[in-house]
Amino acid sequence: MLEIDDLSVTYRKGSDALKGVNLKLHKGKAVVVGPNGSGKTTLLRATLGLAPISRGRVRVFGLDVQSIRTDTRLSTNVLEVYRLARLRVKDIISLYAELKGADPAQSLKMIDDFELGGILSKWIYELSSGQQKLLGNILALSFEPRLCLLDEPFDQVDQSRRLRLAQLLRDFPGEVLLNTHEFGLLDRLGDSALYFMIEGRLFGSFELSQLTRLYISRGEVAGALVTLDTSYGKFSVTLDRGEAAITTSTSLERLLEAVA
Amino acid sequence: MAVISYYTRSLLTNKSLWGWGVLFMGFWLVLGAYIFVQSGEIATAQAALAYTADWYGIIALFSLSSLSTSIAYSIYYASPALAYCFRYTKLRPITYLLNLLGSSSFLGVFLSLIMLGGTYALYSTRFGFNLKPSDIPAAVIFSALSGAFMLALSSFLVLVVNNYLGLRNVSFVSFVPLLLSYVFGFGQLFTSLPTVLLYSSPMTAMIDLLYHFYSGYAPTVVLTNPSSAALDWRLMAASLTAWTLVLLLTSGFLLGRIRPRSIEEARQA
C-alpha cells in the first residue's frame, strides 16, 4: 500500500530534510513521533508528491508517487492541498467530494459531529488554527480513503474533540500514516506501528501497544531495540528498563533533553 | 466537472478583479469621453462611432488583462493543490485547463459586456449620437476568445516561472499581460506600429477585433487615424486563435509537470 525506500528529500543543497528513510505500511496504522523540524511533515509531503525527492522512492498502491495519477484512494489533512480555488468551506467540501467521487454528506455529518456547523460559510483564513486542523482531518477521513496521511491531527484541537478524533482514528477501517510530536492520545489509537523520527532519520518500528514499556537511555546499551544516532549523542531504546520511560514525557524532544 | 462553476464564482467574487477590471476601467472610459477629446472636436456620428470603438477595444483589453492577473495569482497559489489533485483526485490537467478555459471565456464575455454597455451609454451621452455596437454577437464571440487567450497567456507565464524559475519572478510575470496591453493598446491608438507586428501581436488583434465589431469599420494601423492603412480583421482573428491554441497546448504540458510551491514561499518571494 505504501512503500518508502531509501527516501531523501533535499530542499536546500547540502541539507537533507529526510535521510534514507524506509517505511512499509501494508495494513493498520503507523505513527511517526518526533520533535518539531525532524522531517515528519516532509515525509508526508513526499508521499503526497509535494516535496522534492532527491534519492529513493515512494510507492503508493504499487505506483511511484511521481507517476501516480487520478488515484482517489489516498487522502490527507494537509490543508494546502484543498486550496484549488478561493472557496468557502462548504464549497471546498462539495468540490473535493466531487473530485474524489464521494458523497459530501459524510463530511457534513462529521462537521456536525464535531460541532463545527458555523464554519461552513467561512473562508479558510477566517477559521482558528484548531478549526483549520479539524477541517483538514474531516476532509482526510470522510471521502472513504484507503490510505490516510495525517499531519499532527491533534495539534491545536481542544481536549474533547481530540478524544472524539482519536476514537474515529481507532475505528477507521483503512490504513493511516500519522505523525505527531506528542505522546498523548497515542494509546487510544489501537494497534499501530510506532516510529521515531529525529533529524530526518526514521527509527523503528516498535509496537504502539508497547509504548508504556519503552525506555530511553543515553549511549549504546546492550540489547537495545534500536540506537538513535543523533547530532547530540547516541540514545538507546530499550524494553522494560532504562533511564527514562518514554511516556514520562509529553514529547520525544523533551525526553531526549531530559536524558541528555 | 464542477471546477468551472467554483472557479467562475471565485473570480466573480474577486474584489481585485472588480476594482481593477471594472471600476478602474470605468475611470478610463470617463477620461476617454471627457478629457482626451475636446467638446466639438467630434462632429459626425461616424467619427464618434470610430472614437467610441477605439476606447471600447482598448478598455475591454485592459479589463481582460486584469482577469489575466487574477488567473495567474490563482494558479500559482494553487500549485500544491494541483500537484495533489492530479495524483489523488479524478482531476486531470486537461480537464482543469478546459474548466479554466470555460470560466475565463465566460468572464471575458462578462467583462466585455460590462465595458460594452458602459461605453455605449457614456459615449452616446457625451457625443449626442446613438453609438450602438454594429455586431454584438461577434463582439461576444471574440470577447470569449480574448478571455481564452488571457487564460492561455497567464497560465503559460506563471507555469514557466513556477516550474523552472522560482517564485521571485511570479509577481512580475503576473502583470506582464497588463503591461503588454498598455504598451500595445496605447501604441496602436496613437502611433504607427509595423504592420507585421500588428498582425502577429495578440494584444493588437484583440483591440482591433473588438473595435471592428463595435464600429463595423476595418481597423487601421493607427486607430485614431482612419486614413492610415486598413488591416484585415480575419488575419487578426487567425493570429489570436493560433496564439491561444499554442499557449493552451504548452500550458497543458506544463500543468502536467507542475511543481508544487509552498504557499508561504509564494507569499514571501
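Residues numbered from 1 in each chain as written. Chains lettered and ligands numbered in written order. Predicted model: local features only at pLDDT ≥ 70, side-chain atom pairs only at ≥ 80, totals over all residues. Heavy atoms only, no water.

### Description of the sheet that holds strand S1 (residues 2-12) of chain A
Residues and elements named next belong to chain A.
Piece 1. The 4 strands are arranged S2-S1-S4-S5 in an open sheet whose pairing can be described as antiparallel. Across the chains shown, the open sheet's two edge strands, defined by having one partner strand only, are strand S2 (15-25) and strand S5 (63-64).
Piece 2. Where S1 meets S2, 7 bridges bridge the pair, whose relative direction is antiparallel. Counted as the bridge partner of leucine 2 is leucine 25 from S2.
Piece 3. Against the sheet, helix H1 (residues 40-48) touches S1, S2 and strand S4 (53-60), its axis set at about 110° to S1. (Pairing = 2+ DSSP bridges. Helix = DSSP H or I, 4+ residues; strand = E, 2+ residues; numbered from the N terminus. Contact = heavy atoms within 4.5 Å. Axes fitted to C-alpha atoms, helices over the stretch in contact; angles between N-to-C directions.)

### Brief notes about the environment of serine 74 of chain B
Residues and elements named next belong to chain B.
Piece 1. Along the chain, serine 74 turns up in helix H3 (residues 45-77).
Piece 2. Judged by relative accessible area, which is 21%, serine 74 ranks as partly exposed.
Piece 3. A polar contact is formed between the side chain of serine 74 and the backbone oxygen of isoleucine 71, at a distance of 2.8 Å. (Buried < 20%, exposed > 50% of the residue type's maximum accessible area, 1.4 Å probe, protein only. Polar contact = N/O pair within 3.5 Å; in protein donor to acceptor, adjacent residues only side chain to side chain.)

### Things to note about the pattern of salt bridges
Residues and elements named next belong to chain A.
Piece 1. For the coordinates displayed, the defined rule picks out 12 salt bridges over all chains.
Piece 2. The residue aspartate 5 makes a salt bridge to lysine 24 at a minimum N-O spacing of 3.3 Å. One end of the pair, aspartate 5, is in strand S1; the other, lysine 24, is in strand S2, with 19 residues separating them in the sequence.
Piece 3. Judged by its relative accessible area of 23%, aspartate 5 is partly exposed.
Piece 4. Given a relative accessible area of 47%, lysine 24 falls into the partly exposed group. (Salt bridge = Lys/Arg side-chain N within 4 Å of Asp/Glu carboxyl O.)

### Examining the pairing of strand S9 (residues 192-198) of chain A
For a regular strand, the rule is simple: side chains alternate between the two faces of the sheet.
Residue and element names in this part refer to chain A.
Piece 1. Burial runs high along S9: 6 of the 7 residues are buried.
Piece 2. Bridge analysis of strand S3 (residues 29-33) against S9 gives 5 bridges, and the strand direction is parallel. Residue pairing across strands places valine 31 opposite leucine 194, the latter belonging to S9.
Piece 3. Pairing of S9 with strand S10 (residues 201-207) involves 6 bridges; the strand directions are antiparallel. Bridged to alanine 193 within S10 is glutamate 207.
Piece 4. Linkage of S9 to S10, two consecutive antiparallel strands, is achieved through a turn of 2 residues, within which glutamate 199 is found at a positive phi near 50°.

No statement about biological role is implied by the geometric values presented.
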